[in-house]
Amino acid sequence: MAYENILVETHEKVGVIQLNRPKALNALNDQLMDELGDALLKFDSDDNIGCIVITGSEKAFAAGADIGAMANYTFMDVYKSGYITRNWEQIRQVRKPVIAAVAGYALGGGCELAMMCDFIIAADTAKFGQPEVKLGTMPGAGGTQRLPRAVSKSKAMDLCLTARMMDAAEAERAGLVSRIVAADKLIEEAMRAAKTIASMSLPVIMMIKESVNRAYETTLAEGIQYERRLFHSTFATEDQKEGMAAFIEKRLPSFRNN
Ligand code: HXC
């Protein structure tokens, strides 16, 4: 697939996807989301990639779903075809970690896309919001579900009902983002985190991602049990033997993703 709305690069073991519709503040149309899904699944099945970064521009991670593209849809258009949201769930199939590096606006579907990633590193310029209510609609790609889990019901209600934006500092206080950095250090910081992750044992990294995600899907008792099984599974890997031997021998581990 030739990409017209995203730029894709590889840096060592990190796959980087940059949303690239600058004239529309990276508004997310079906074509862009198809391309994003395609690029993500390619990186996910590439043995040389250990972590993926999704980023936007200085001004916008993404200012939401493309309003012009959906303005005239009828219920039957969107219900029957699944337009606007049909290709959004591909990101959830990705088993390797995905970091969102967010500068500028992450609004509506842009905020939802960032929340679908495994964690968010924000520039101090980042602004998050779910302003769909101003358009006479509502979040449709997980905003009303992931935001309350990330920032509490009260703040999620506030953001979704009033359409106000939350700056990076508030987003970090609320737990939506894992770290804030100066805007000109965003990519450097995201790449550092991604390279660190990519230097670990990939199967173990995948198990950790699976296990943390389980915390959202099940009871604590079942989640603990699930984690216990995966923890025990790590002892079936060569990388666990290597990691522990390296510690004992006071050297750096050399993981082989086995
Ligand atoms: C289409 C968009 C867009 C969007 C911006 N643009 N956001 N086009 N869809 N979501 C376009 C503008 O029309 C404009 O094009 C250009 O990008 C620059 O935007 P400006 O508004 O001129 O920039 P600025 O004044 O800096 O304001 C930035 C902004 C504002 C505050 C982010 O653009 C804005 O409020 N955008 C809409 C945000 C929003 O409502 N998002 C939710 C969408 S609904 P021209 O051609 O005029 O230069 C949604 C539902 C998700 O996401 C459902 C699940 C998938």
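The structure we're discussing is the one just above.
The shown structure was predicted, so the numbers you read here are calculated from the model rather than taken from an experiment.

(A) Just the overall build of the protein, in detail. For the protein, the count of helices and strands is eleven helices and ten strands. Computed over its C-alpha atoms, the radius of gyration of the protein comes to 19 Å, within 12% of the 18 Å expected for a compact globule of 258 residues. In terms of overall dimensions, the protein has a C-alpha envelope of 65 × 40 × 40 Å along the principal axes. Looking at the protein as a whole, 43% of its 258 residues are labelled buried. Pairs at least 24 residues apart make up 66% of the contacts formed inside the protein by residues separated by at least 6 positions. Counting only carbon and sulfur atoms, one obtains 55% of the accessible surface of the protein, whose full area is about 13800 Å².

(B) The arrangement of the side chain of Glu35 in detail. Turning to its location among the elements, Glu35 is positioned in helix 1 (residues 30-44). Despite its burial, Glu35 pairs with no opposite charge; the closest candidate is Arg21, at 8.6 Å N-O. Those residues within four positions of Glu35 in sequence are excluded, and the remaining contacts are Met1, Ala2, Tyr3, Glu4, Asn5 and Ile6.

(C) Local environment of a nonpolar patch on the surface. There is a patch of nonpolar side chains on the surface, built from Phe75, Met76 and Tyr79 and spanning about 390 Å² of accessible area. With respect to the helices and strands, the residue Tyr79 is situated in helix 3 (residues 75-81). By relative accessible area, which is 60% here, Tyr79 ends up exposed.

(D) Examining the environment of Leu7 more closely. Looking at the element boundaries, Leu7 is found in strand 1 (residues 6-11). Judged by relative accessible area, which is 41%, Leu7 ranks as partly exposed. Placed 226 residues apart in sequence, Leu7 and Ser233 show a C-alpha to C-alpha distance of 37 Å. If sequence neighbours within four positions are ignored, Leu7 has contacts with Val16, Ile17, Gln18 and Asn20.

(E) Fine view of the sheet that holds strand 5 (residues 98-102). Spatial strand order, 1-2-3-5-7-10: six strands in an open sheet with mixed pairing. Pairing within the sheet leaves two strands with one partner each, and these edge strands are strand 1 and strand 10 (179-181). On average, adjacent strands in this sheet sit at an angle of 20° to one another, irrespective of strand direction. Pairing of strand 2 (residues 14-19) with strand 3 (residues 51-55), which is carried by five bridges, proceeds in the parallel orientation. Each residue of the ladder has a partner; that of Ile17, found in strand 3, is Ile54.

(F) Layout of the packing of helix 9 (residues 202-214) against helix 10 (residues 220-234). Two numbers describe how helix 9 lies on helix 10: the axes approach to 10 Å, and their chain directions differ by 175°. The orientation of helix 9 relative to helix 10 falls into the category roughly antiparallel. Taking contact as the criterion, the partners of Val204, Met207, Glu210, Ser211 and Arg214 in helix 9 are, on helix 10, Tyr226, Glu227, Leu230, Ser233 and Thr234. Considered class by class, the residues forming the contact of helix 9 with helix 10 number four nonpolar, three polar and three charged.

(G) Fine view of helix 5 (residues 143-151). Buried within helix 5 are the following residues: Gly143, Leu147 and Val151. The buried residues of helix 5 occupy one face: seen down the axis, they fall within an arc of 15°. Tucked into the core, helix 5 has its buried residues touching helix 4 (109-116), helix 6 (153-162), strand 9 (166-167) and helix 7 (168-174). Looking at the residues trailing helix 5, positive phi occurs at Ser152, about 90°.

(H) The pattern of salt bridges, seen in detail. In this structure the tally under the stated criterion is 15 salt bridges. Close ionic contact of Lys155 with Glu170 constitutes a salt bridge, the shortest N to O distance being 2.6 Å. Placement of the pair is Lys155 in helix 6 and Glu170 in helix 7, with a sequence separation of 15 residues. In this structure Glu170 comes out as buried when scored by relative accessible area, which is 10%.

Cut-offs and rules
Residues numbered from 1 in each chain as written. Predicted model: local features only at pLDDT ≥ 70, side-chain atom pairs only at ≥ 80, totals over all residues. Heavy atoms only, no water. Helix = DSSP H or I, 4+ residues; strand = E, 2+ residues; numbered from the N terminus. Rg over C-alpha atoms; globule rule 2.2 N^0.38 Å. Buried < 20%, exposed > 50% of the residue type's maximum accessible area, 1.4 Å probe, protein only. Contact = heavy atoms within 4.5 Å. Areas by Shrake-Rupley, 256 points an atom, 1.4 Å probe, with all protein chains shown as cover. Lys, Arg positive; Asp, Glu negative; His and termini not counted. Salt bridge = Lys/Arg side-chain N within 4 Å of Asp/Glu carboxyl O. Patch = residues over 30% accessible without salt bridge, like charges linked within 9 Å, V, L, I, M, F, W, Y side chains within 5 Å. Pairing = 2+ DSSP bridges. Axes fitted to C-alpha atoms, helices over the stretch in contact; angles between N-to-C directions. Parallel < 35°, antiparallel > 145°, perpendicular 65-115°, else oblique. Nonpolar A, V, L, I, M, F, W, Y, C, P; charged D, E, K, R; others polar. Arc of directions from axis to C-beta.

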